[in-house]
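Topology and contacts: notes
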Amino acid sequence: MKMTHLGHAGWIFEHKKFKLVCDPWLDPAGAYFSGWFQFPSNEHLLDTDIFKNINYIYVSHRHNDHFDSWFLKQLNKEIQVLIPKFRDKRLRNDFRKLGFKNIRELKDGEVLKVDDINITIFPEDGYLDSDSSILFEVDGKKYFNLNDCHPPFDTIKDKVGDIDLLMLQASSAIWWPYAYEYDQEYMNEKGKIKRENTINRALKYIEILQPKHVVPNAGPPVFLSKRYRELDTTRREKTNSFPLLDEIHDIFFSKGLNSLLLAPGDIINDDFSISYKSNLITDAYDNYDDYLKNMITEKAKYNDSLLVKKYDVSVDECLRVIDKFIDRIKEIKKISRFFIHKIDFPILFEFQDVAKVYVDFRKDNCVSFYGKHYGYKFVFNPIKVALLFRNEYVDFDDYLLGMNFAATREPDEYNEFIFAILKNFDSKRLRVADFLYSKMLDVKEEYIEVSHNNQKYKCQRHCPHMKADLKKHGYVNEKGQLVCPIHHWYFDLETGTCEQSKNHVLKVEKINE
């Protein structure tokens, strides 16, 4: 198997006449309304012939740094598309809108045989996120692309077996804490925790899967905006949760791992040697400051003014989107079976220079233009929200991931159900998310025994957040908290309360002997 890196989570897998492109993100305008840009830049690949004779496409999930419509629409629409079988059909439907005719959805663990290659996709279908990973088996070797998917630790090894090459993410890809209005000291503290947790999660996957070779990929991007200039220029700091790939590579290498660092265009050969096709690793990483300055200059044109001109966004459209937003909120109030009942405070949505909308799902009339108190506050750019509402499916992830918004929460507690609503901001997809949440609640509860300071506790086995198996992978820290290592949530053994979210309480009971 020959593998060509396209940058970020993108790859081309080649074997004989088989040529599959995976998660290609090459749009020069980046993603998420130019909130993210590829690092290192991969634009030079557009002037090569590496995309000739592509006969398969695999896209792991619907995020715009994986599903790049700008690039995909340039490909032959007869190409066979392979995607995970999700309950939410947005990914499939968006391929159809681009004109692709041959779309195959693979169920969890279903093996597709193409010549002498076995291809298996492993979907992770959740009410907050849907993602997938893919396994190639050829010539007695296994190549597992985990990209930025986070399957349960306790099941993945049994699914994939012994791995020769593992590709995975070890950098953050989320807006917290940087989009929040924290003081710098507090933000640095949270950034440090996020960085450590993300790297440790990657190391945990490596420990479980025991690959012979490992490739850090799937981010991080650069942001290039004035607001996040410091976040781009401090990538080497331990308080920055977006470490560059060369640092992750060094961390892996220091752990005795056979880590491979590639730049866009570089190739992993069948014997796992690397064919370097440019000096991009030196240019982008060793001379990072200069490379970043050049990118800032080159990408400065991708701003709100260009969005307005390119997509013809009028002031009237920005005003009318407020009414559309309110109508959706009222519709969600009627149909949500679970999520709205998990939000016991008002939410303020401020659309810059246009309107303030207070939402309180506890009230029959849940929308108001006046209020004083709120548990969460979001400040949105109405231009970008107007563009979201041009889509059949409104998914605020397409906006939020670009971090071009501001947020406040009082108290500073995460409420995932707000984001479950925003990510599924249409009736059809919200019903699917509701179903997936109810399915998760149906897990039959079992209990485990843990101890701290000579005191034993009976605790529920599965994390109340995403049902990870705490018996196999949870641990008790020095503070007397049971830690779930997938998202690093901390549960107090005395009370069961979660440090990250009051909506998730672990069932705990002291064992008196």
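Predicted model, so just to flag it, every value in this text is computed and none were measured.

Of all 7 residues in strand β10 (residues 141-147), 7 are buried; the element is thus mostly enclosed. Where burial is concerned, the two faces of β10 agree: the one with K141, Y143, N145 and N147 and the one with K142, F144 and L146 are both buried. Pairing of strand β9 (residues 130-138) with β10 involves 5 bridges; the strand directions are antiparallel. Paired with F136 across the bridge in β10 is Y143. With antiparallel pairing between neighbouring strands as the criterion, β9 and β10 make up a hairpin whose turn holds 2 residues, including D139 at a positive phi of roughly 55°. Crossover β10 to strand β11 (residues 165-168) through helix α3 (residues 153-160) is right-handed.

Below, the discussion takes up the pattern of salt bridges. Under the definition given, this model contains 38 salt bridges. For E43, the salt bridge identified is with K299, shortest N-O distance 2.3 Å. Remark: K299 occurs in helix α8 (residues 288-299) and E43 occurs in the loop between β3 (18-22) and β4 (56-58); sequence separation between them is 256 residues. Given a relative accessible area of 7%, K299 falls into the buried group. Among the ionic pairs, D88 bridges to R429, the shortest N-O distance being 2.9 Å. Here D88, found in the loop between β5 (80-84) and α2 (90-97), pairs with R429, found in helix α14 (residues 427-441); they are 341 residues apart in sequence, far enough to count as distant. Residue class for D88 comes out buried when judged on its relative accessible area of 16%. A cluster of three or more residues bridged by salt bridges with shared partners is formed by R62, D88, R90, D94, K97, E392, D395, D398, D426 and R429.

Moving on, we come to empty space enclosed by the protein. As enumerated under the stated definition, the model contains 2 cavities of 30 Å³ or more in all. Within this model, the largest cavity holds a volume of roughly 270 Å³. Looking at the lining of the largest cavity residue by residue, the classes come out as 7 nonpolar, 5 polar and 8 charged. Looking at the second largest cavity, its volume works out to about 30 Å³. Along the walls of the second largest cavity sit I329, I343, I347, F349, F361, I418, I421 and L422, which together make up its complete lining. For the lining of the second largest cavity, the secondary-structure elements that each account for two or more residues are β15 (347-351) and α13 (416-423).

Empty pockets left among the atoms are what a rolling probe the size of a water molecule brings to light. The computed volume of the second largest pocket comes to approximately 920 Å³. As for the second largest pocket, its lining consists of 32 residues, of which F33, N64, S69, Y311 and N391 are closest to the centre. When residues of the lining of the second largest pocket are traced back to their parent elements, those giving at least two are α1 (69-72), α2, α9 (304-311) and α11 (382-388). With 4 residues, α9 is the single largest residue contributor to the lining of the second largest pocket. Partitioned by chemical class, the residues of the lining of the second largest pocket number 15 nonpolar, 6 polar and 11 charged.

Taken in spatial order, the 5 strands of this open sheet run β17-β16-β15-β18-β19, and their pairing is mixed. Since the sheet does not close on itself, it has two edges, and those belong to β17 (367-368) and β19 (406-409), each with one partner. Where β15 and strand β16 (residues 355-359) come together, 5 bridges link them in antiparallel fashion. Its bridge partner being in β16, F349 is matched across the sheet by V357. The strands that helix α10 (residues 315-335) touches are β15, β16 and β17; relative to β16, the one it contacts most, it runs at about 5°. Packed on one face of the sheet, α13 meets β15 and β18 (376-380) and runs near 35° to β18.

What counts and what doesn't
- Residues numbered from 1 in each chain as written.
- Predicted model: local features only at pLDDT ≥ 70, side-chain atom pairs only at ≥ 80, totals over all residues.
- Heavy atoms only, no water.
- Buried < 20%, exposed > 50% of the residue type's maximum accessible area, 1.4 Å probe, protein only.
- Helix = DSSP H or I, 4+ residues; strand = E, 2+ residues; numbered from the N terminus.
- Pairing = 2+ DSSP bridges.
- Right-handed = clockwise from strand over helix to strand, strands pointing away.
- Salt bridge = Lys/Arg side-chain N within 4 Å of Asp/Glu carboxyl O.
- 1 Å grid on protein atoms, 1.4 Å probe; cavity = no way out; pocket = protein on both sides within 12 Å on 5 of 7 lines; lining within 4 Å.
- Points joined across faces, edges and corners; volume = space filled by probe spheres on them.
- Nonpolar A, V, L, I, M, F, W, Y, C, P; charged D, E, K, R; others polar.
- Contact = heavy atoms within 4.5 Å.
- Axes fitted to C-alpha atoms, helices over the stretch in contact; angles between N-to-C directions.

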